[in-house]
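# Overview (structure and organization)
Here is how the chains run, residue by residue.
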Amino acid sequence: MTADKTDDYPGWTFRLNVPNPNINDSSESRGSDNFDLEGVQLLPKNLSPAGKDYGPLYSPLPPLSSSLYLAELCPHGVSVASLSGGDDPAASVAKDSSNKISVGQNRSKKWSWSFSSQASPSQWNVTSSKLLSVTYRPVHEAYPSYTNISKSRDYWHKSVGWCMEKGAACVCGKCRSIAIGRGGRTKTRRQKRCRIRWGEIKRRITGAPNPIHRVTVNYTVDDIIRIEPIGVSSSAATTASASQQTDSPGSGVWIQGIGNCNALRIYLRSKFGSNSTEKDLRDVSVLSSDYDLPDLKKWDSLPPPPWINQDSDSTVRVDQESKHWGPVLTFAIPYQGGNDDTQRDRAVHKCPPLLWKVEHPPNSLVAVDSFMLMDGALHLHQGGKEVGSSSSYHEKPTNVYIHGYQSWSFSGSVVQGKVQPKSAMPNVLSKAFNHGGVVLSEDYANGIDYWGKNLKIQIIDDEYDIGDDNLNEGNAFYKSDMFACISSNGIASSQHDDERIVLDEEGGPAVIIGFLAQREQFGSVLLDKYLRRFCLYSCHEGVVANRSITSDWAYCQIVDRNTYDEEAMVYYVHAVGDHNEARPMEKGLTCGWCSWYHYYDDISHASLSKNADILENSMTTLGFNVCLIDDGYMTAWGDWNSLKPGKFVRDGGMRVLSDAIRAKGMKPGVWLAPFACDKFSTLAKEHPEWIIRNDMGRHANSANCGKFFYGLDASNPAVLKHVYDTIRRAVDEWGFDVLKLDFLYASCLSGNGKYNPSISRAEAMYLGMRTIRAAAGKDTFIIGCGCPIGSAVGFVDGMRVSCDTGPTFVPPFPFPHWDNGTLPALRGMLRNTMSRSPFGHRWWHNDPDCILLGESTKLTNDEVVSAASVVAMTGGMFLLSDDMEKVSESRLRIAQRIFPLTSVTAVPLDLHSTMNSGMPSVLRLWCTEKTAPTNGTAKSKSEDLCHPESIEITYPKKILSQQASKIECEFIHSPGDMDVDPYSRERSCIKVASGLGSWTVVSLSNWLEHTATLSVSFSALVAHSIDDFAATGAPRSLRSLADDISSPREMSEHGFHFFSFWSSEYVWIPHQTLLDNAPLVKKLKPHATEIFHIKPAEPTRPQYIGSDLHFSCGFEVNSFHWSDRHVRICLRNDYKRQGSIFLYLPERDGLNRAAVTVNGKPGLVEIVARPSMGENFSGRVLRVYIETGPHEDGLVSILW
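For clarity, every value in this text was computed on a predicted model and none was experimentally measured.

## Describing the overall build of the chain
From N to C terminus, the chain includes 24 helices and 56 strands. Taken over 1200 residues, the chain has a buried fraction of 63%. Long-range contacts, defined here as pairs at least 24 residues apart, represent 78% of the contacts in the chain between residues at least 6 apart. In the form shown here, the chain has an accessible surface area of approximately 44600 Å², with 49% of it arising from carbon and sulfur atoms.

## Points about the packing of helix H14 (residues 717-733) against helix H15 (residues 761-776)
Relative orientation of the contacting elements H14 and H15 amounts to 30 degrees, with a least axis distance of 8 Å. The angle between H14 and H15 falls in the class roughly parallel. Seen from above, H14 lies across H15 with right-handed handedness. Facing Leu 720, Val 723, Tyr 724, Ile 727, Arg 728 and Val 731 of H14, the residues of H15 in contact are Leu 767, Gly 768, Thr 771, Ile 772, Ala 774, Ala 775 and Ala 776. Residue composition of the contact of H14 with H15, by class: 10 nonpolar, two polar and one charged.

## Observations concerning the packing of aromatic side chains
Here the structure, examined in full by the defined rule, presents 35 aromatic pairs. Taken together, a centroid distance of 6.5 Å and an interplanar angle of 75 degrees make the contact between Tyr 597 and Tyr 600 edge-to-face. For Tyr 597, a relative accessible area of 10% translates into the label buried. Three or more aromatic residues joined by ring pairs form one cluster here, namely Trp 408, Phe 433, Trp 637, Trp 640, Trp 671, Phe 709, Phe 743 and Tyr 745. Seen from the ring of Tyr 267, Arg 226 lies directly overhead, with NZ or CZ sitting 5.5 Å from the centre. Note that Arg 897 overlies the ring of Phe 1061, its terminal NZ or CZ placed 4.6 Å from the centroid.

## Focus on the sheet that holds strand E56 (residues 1195-1199)
Within the open sheet, the five strands sit side by side as E49-E50-E56-E52-E53. Their pairing is antiparallel. Sheet topology places strand E49 (1117-1122) and strand E53 (1161-1162) at the edges, where each strand pairs with a single neighbour.

## Focus: the pattern of salt bridges
Under the defined criterion, the tally for this structure stands at 33 salt bridges. Note that Lys 610 is salt-bridged to Glu 885, the shortest N-O span being 3.4 Å. Highlighted residues: Lys 610 in helix H11 (residues 605-617) and Glu 885 in the loop between strand E38 (878-880) and helix H19 (889-896), separated in sequence by 275 residues. Judged by relative accessible area, which is 55%, Glu 885 ranks as exposed. With a closest N to O distance of 3.7 Å, Asp 847 and Arg 800 form a salt bridge. Of this pair, Asp 847 sits in strand E37 (residues 845-847) while Arg 800 sits in strand E36 (residues 798-800); the two residues are 47 residues apart in sequence, bridging distant segments of the chain. Of the residues examined, Asp 847 reaches a relative accessible area of 3% and is grouped as buried.

## A look at the packing of helix H17 (residues 826-835) against helix H18 (residues 861-874)
Between H17 and H18, the least distance of the axes is 10 Å, while the angle of their chain directions is 20 degrees. Between H17 and H18, the interaxial angle falls into the category roughly parallel. The chirality of how H17 crosses H18 is left-handed. Taking contact as the criterion, the partners of Leu 826, Met 829, Leu 830, Thr 833 and Met 834 in H17 are, on H18, Glu 863, Ser 866, Ala 867, Val 870, Val 871 and Thr 874. Its residues placed into classes, the contact of H17 with H18 shows seven nonpolar, three polar and one charged.

## Considering the confidence of the model for the chain
The predicted model of the chain has a mean per-residue pLDDT of 76, with 68% of residues at 70 or higher. Looking across the chain, the model is least confident in strand E6 (residues 100-102), with a mean pLDDT of 30, and most confident in strand E34 (residues 738-741), with 98. Throughout residues 21-59 the model reports pLDDT below 50, and contacts reaching past four residues in sequence, or to other chains, amount to 102 contacts. For residues 273-323, every residue scores under 50 in pLDDT, and the model assigns this stretch 83 contacts once sequence neighbours within four places are set aside.

## Focus: the sheet that holds strand E29 (residues 591-594)
Taken together, the eight strands give an open sheet; going across it, the order is E37-E36-E35-E34-E31-E30-E29-E38, and neighbouring strands pair in parallel fashion. Among the strands making up the open sheet, the edge pair consists of E37 and E38. On average, each strand axis in the sheet is inclined to that of its neighbour by 25 degrees, with strand direction left out of account. In the packing of helix H12 (residues 653-663) onto the sheet, contacts are made with strand E30 (626-629) and strand E31 (667-672), and the angle to E31 comes to roughly 140 degrees.

## Remarks on the nonpolar core
The biggest cluster of nonpolar side chains holds 198 residues, and the ones touching the most others in it are Tyr 633, Tyr 745, Trp 844, Phe 878, Ile 1129 and Ile 1141. Look past the residues within four positions of Trp 844 in its chain and what remains in contact with it is Pro 584, Ile 789, Ala 792, Val 793, Val 796, Asp 797, Gly 798, Met 799, Val 801 and Phe 839.

## What about the pairing of strand E15 (residues 259-269)?
Counting buried residues in E15 gives 10 out of 11 residues, a clear majority hidden from the surface. Bridge count between strand E13 (residues 224-230) and E15: six bridges; the pairing is antiparallel. For Arg 226, the partnering residue across the bridge sits in E15 and is Tyr 267. In this structure, strand E14 (residues 253-255) lies alongside E15, joined through three bridges in antiparallel fashion. Across the sheet, residue Ile 255 finds its bridge partner in E15, namely Gly 259. Counting the residues between successive antiparallel strands, the hairpin from E14 to E15 contains three residues, one of them, Gly 257, with a positive phi of roughly 90 degrees. As judged from the eight bridges shared by E15 and strand E16 (residues 325-334), these two strands associate in the antiparallel manner. Across the sheet, the residue bridging to Asn 262 is Ile 333, located in E16.

## Side note on the environment of Ser 856
Within the secondary structure, Ser 856 sits in the loop between E37 and H18. The exposure class assigned to Ser 856 is exposed, which follows from its relative accessible area of 67%. A C-alpha to C-alpha distance of 9.2 Å links Ser 856 and Asp 882, two positions 26 residues apart in sequence.

## Notes on unusual backbone geometry
Note that the residue after Phe 813, namely Pro 814, is joined by a cis bond; omega there is 15 degrees. One can find Pro 814 in the loop between E36 and H17. Put simply, Phe 899 and Pro 900 share a cis peptide bond, and its omega is -5 degrees. Following the sequence through the fold, Pro 900 ends up in the loop between H19 and strand E39 (907-908). If you check the backbone angles, Tyr 600 has positive phi at about 50 degrees while not being a glycine.

## Side note on the environment of Ala 484
Relative to the helices and strands, Ala 484 is located in strand E23 (residues 483-487). Residue class for Ala 484 comes out buried when judged on its relative accessible area of 0%. It is 6.5 Å that separates the C-alpha atoms of Ala 484 and Val 525, two residues lying 41 residues apart in sequence. Excluding its chain neighbours within four sequence positions, the residues that come into contact with Ala 484 are Val 400, Tyr 401, Val 511, Ile 512, Ile 513, Val 525 and Leu 527.

## With respect to H11
With 13 residues, H11 extends 19 Å from end C-alpha to end C-alpha; this agrees with the ideal 18 Å at 1.5 Å per step. Burial in H11 covers these residues: Ser 607, Leu 608, Asn 611, Ala 612, Ile 614 and Leu 615. Around the axis of H11, the buried residues are gathered within 160 degrees of arc, so they sit on the same side. Facing away from the buried surface of H11 by more than 90 degrees, the exposed residues are Ala 606 and Asn 617. Buried residues in H11 make contact with E29, helix H10 (596-599), E30 and H12.

## Some words on the side chain of Ser 1015
Locating Ser 1015 in the fold gives a position in strand E43 (residues 1012-1017). With sequence-adjacent residues up to four places away left out, Ser 1015 is seen in contact with Arg 500, Ile 501, Pro 1079, Leu 1080 and Val 1081.

## A closer look at H14
Its 17 residues place the ends of H14 23 Å apart at the C-alpha level, agreeing with the 24 Å of an ideal helix rising 1.5 Å per residue. Its side-chain oxygen 2.9 Å from the backbone nitrogen of Ala 718, Asn 716 forms the N-cap of H14. Two residues or fewer after H14 comes Gly 735, characterised by a positive phi angle close to 85 degrees.

## Section: the environment of Met 769
Inspection of the secondary structure puts Met 769 in helix H15. For Met 769, a relative accessible area of 2% translates into the label buried. Taking the C-alpha atoms as reference, Met 769 lies 9.5 Å from Gly 794; in sequence the two are 25 residues apart. Sequence-distant contacts of Met 769, that is, excluding residues within four places in its chain, are made with Leu 744, Cys 787, Ser 791, Ala 792, Phe 795 and Val 796.

## Let's talk about the side chain of Asp 481
Of note, Asp 481 is situated in strand E22 (residues 478-481). No salt bridge is formed by the buried Asp 481; the nearest opposite charge belongs to Lys 479, separated by 5.1 Å. One polar contact links the side chain of Asp 481 to the main-chain amide nitrogen of Gly 437, over a distance of 3.1 Å. If near-sequence neighbours (up to four positions away) are discounted, Asp 481 is found in contact with His 403, Gly 404, Tyr 405, Gly 436, Gly 437, Gly 523 and Ser 524.

Cut-off values and rules
- Residues numbered from 1 in each chain as written.
- Predicted model: local features only at pLDDT ≥ 70, side-chain atom pairs only at ≥ 80, totals over all residues.
- Heavy atoms only, no water.
- Helix = DSSP H or I, 4+ residues; strand = E, 2+ residues; numbered from the N terminus.
- Buried < 20%, exposed > 50% of the residue type's maximum accessible area, 1.4 Å probe, protein only.
- Contact = heavy atoms within 4.5 Å.
- Areas by Shrake-Rupley, 256 points an atom, 1.4 Å probe, with all protein chains shown as cover.
- Axes fitted to C-alpha atoms, helices over the stretch in contact; angles between N-to-C directions.
- Parallel < 35°, antiparallel > 145°, perpendicular 65-115°, else oblique.
- Left-handed = near helix turned anticlockwise from the far one by under 90°.
- Nonpolar A, V, L, I, M, F, W, Y, C, P; charged D, E, K, R; others polar.
- Phe/Tyr/Trp six-rings, centres within 6.5 Å; stacked < 30°, edge-to-face > 60°.
- Lys NZ or Arg CZ within 6 Å of the ring centre and 35° of its normal.
- Pairing = 2+ DSSP bridges.
- Salt bridge = Lys/Arg side-chain N within 4 Å of Asp/Glu carboxyl O.
- pLDDT = per-residue confidence, 0-100.
- Core = buried A, V, L, I, M, F, W, Y, C linked by side-chain atoms within 4.5 Å.
- Expected span 1.5 Å × (residues − 1).
- Arc of directions from axis to C-beta.
- Polar contact = N/O pair within 3.5 Å; in protein donor to acceptor, adjacent residues only side chain to side chain.
- Lys, Arg positive; Asp, Glu negative; His and termini not counted.

And the structure:
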């Protein structure tokens, strides 16, 4: 394809099919075997002035008369076909436009483009039947003047059902009549009234808005008028930067977070006739005085608010040198050429993604409802042949990962054919919670007639095939917001008899479809029941096209089977984080207390001060660094500066509270809903024009969180100024360092009653998020909640990823317990925390919501332990929300055993293969000494802690008062540490002290309503090659190492130490268990969880097995030293802890008379096991009871 092709070329190629006269074509002129290439330009972007020297950027395909494809694009180059028999594509520009090229039967494929690889072991590939589909509406139908119904007319219509107006002033736009009486007898009430359908009568009786006349225009390869290949040269790739112009010769297209890309820019013809003008639209009778259009230039010249920083415009703008051009598509694949390792890394993966976007030129006649960027189909191949639906091929799609719109929406994997879990509440109470990208379908019969006759717009389209409709909201089986992931568990039907949990890394391939951002529009993926067809939509919902409308970059990646060691979406998640410039490790983890779940909105200065005092006194056991004041301090939402009388200090009440919290060694935090206001608030009365209205002119429904409220329009500069002032007041005047910003989706509710009709809901959300960050400043820790997920990437530091937790596992009566939407309950909180764990420390710190410890809840001990286990394993934020005075010691001990969190996120091993309504059951972490830091500071500090004479007692209160966001960790990834790259996204391995070795930490959960015996493959739980962590970010699985492993230590021929953390049980597992691929079997009660530690046994040396002090069974250790006669362990003494550690000691002479000391005093020891690891190897496992704290040295010594 190009001159600099490399040996590791993966074969993933984008191919643009030739125009096909035999598909979806009713035109007689196209029914022949010849295709008219009039106006098509196949023009290389990087030609030299001589037009001949293509260099390494470009390699032409054979002439179109013999080529199978119009163009090809891969990581190593880009090619286009020529129109003549020669190889010079520039000659096509001068070619006679009447030239006709013979199209043979080999081009009868029903797709416009494909993305596939002959070298892929999985043999999955995708095609799209269309290049683009755009759904339009007439511009006047995007305005409230058309869709609103006045109160007087509304009352009249509901009463008698016809208009009070005459002639052209009729609100219906047509003359009307009503059929009344029996037997279909018709009586005419007025002159010039024609019969209307019962659907119209129903619309008027119910007060529905005027109908929208949508039409969908399809673009295929037949509509291409120009192709520009944009290749990357090796020299240009080494000097590329984000500021580089994308059209520079040899630079390709630069995509933030991806890097330099080879690209194809495709220009499509305009499908609106040239005689369609704004005057034609305004002359039709339907555009009466009732539908006055505002001045479209109003928003063209509107400057952005001065407090918003302006980013450089990196959008590829359309060169409007031809009025006949329509939309422009840019397809790109990450460049992989030359010897630049950095560029290889930026290419994301050896299965490179396909990226593309569309830019629609301005057209003042229309409003855009949606772009369909992909009408896709998934093709399965085996042995070079495509697999049918009846085949026994075992790599068929079996699961789809559904991603929800905002924080509380359902996210998780759904088994193919099973119904997508949704909210059980009525739409009026829940729709706005989950109302992301909306795919608005055309009214085919009404729309074509309306556009073709009434508005006189010449639509050049002959592809209306009703039998092959696009997937839409009505006929799709699944809908996912922003992205979706189709996967296969790789198990043949004959293997389903095995009841063990199916794991992702044992499965087949996966395909990820979505968008890199949600700044231009909210994206949706619609899929059919069999996961073989899918459509990718960019949803604009009636955006007036008075300016260019651009989509975000679309993303499609096919991940081969068994090539990923985390889960299939990891490469997409990295790309999204990089594209949006997320800095997940810039600020440390939040660990603290929130007032909401015990007090709700009944808080006061006294109750907050009482709990702050308890938190201060608890810092020797739990190092709280945040005290968060939640909802309830204000008189009404929106009136944020009006405190409840009698409950707070009258003058400077919020400042008094924040200063008091800070004096206790914690960061003060406060809750706000900046884009929401109560119905009876002062703000709503003074500024009703700020409130978003729906298409009927009424206040937009924001759903019900216990009450209905209003959403404030983020497209209105006055609203942005209000939000900016609110945030600045909280930070500057009130003195809060942490902001929990809730109900952010209220800034972009659906409805055309907004200030600026030329921006989408996602663009309004983007303006709102930029305003919030600009007002808060870079040092303020922002927690997003009730926020569209894609809109928050790059703006928030912590993000709620689940619905509210609750005092019960499922929603209590009278709420529907089967709800999978937004009702508060522990089940929904745990499901989303696990299913969205891949986002943690890559986009932000995940906020799983609070852990409830109080006995006042109806949660069992097993359920509280499960909540603590999931929060610990996923490594996100850690908040309690009880009346701390009433929490029992036993429940508080649960929280102590997972604190501090490690900022390392476990991999859900069955994220894409779970059969339990999206709830994974197996989470895995890696722990190793091999990546422990070696810098002088960390080393010297740990050495000092091992010598009692050099210990300086440092209380947690002192540490937290100096920097409340920083957790001091010598041997794990340290959030807030200046040595940590804020852009780092590798977070699956805990770094522990030298001498501890390497092991895995695995949690196993039973989410069923009854006691169950769970079975999981033991081989997936073992750390086979921890050495690979430094190079790949995660150790390789056993299957991927099958051909490489030769080290007895890596395979642990002496078996494994197996330790259960919550039950403090030990067992030795022989090596044969691994070789036999025998399962791990565990019986668990309903909603119970156990955390296991699996460490390869080394029978000739002492080993640290674990403890009941910290869930990682390694973080609690500062150092571990041993010799033939001595073991010396230095435990962390930051916080008070009581418990046990477990050690393996090989049998030695004198071991029965060993002297054990703890903190310099004789220690209590118990033998719990005597494992025999072969004829010559045996030992004993000891349990040593210990106590640590700021006043103890933390030294454990065993001498024999």
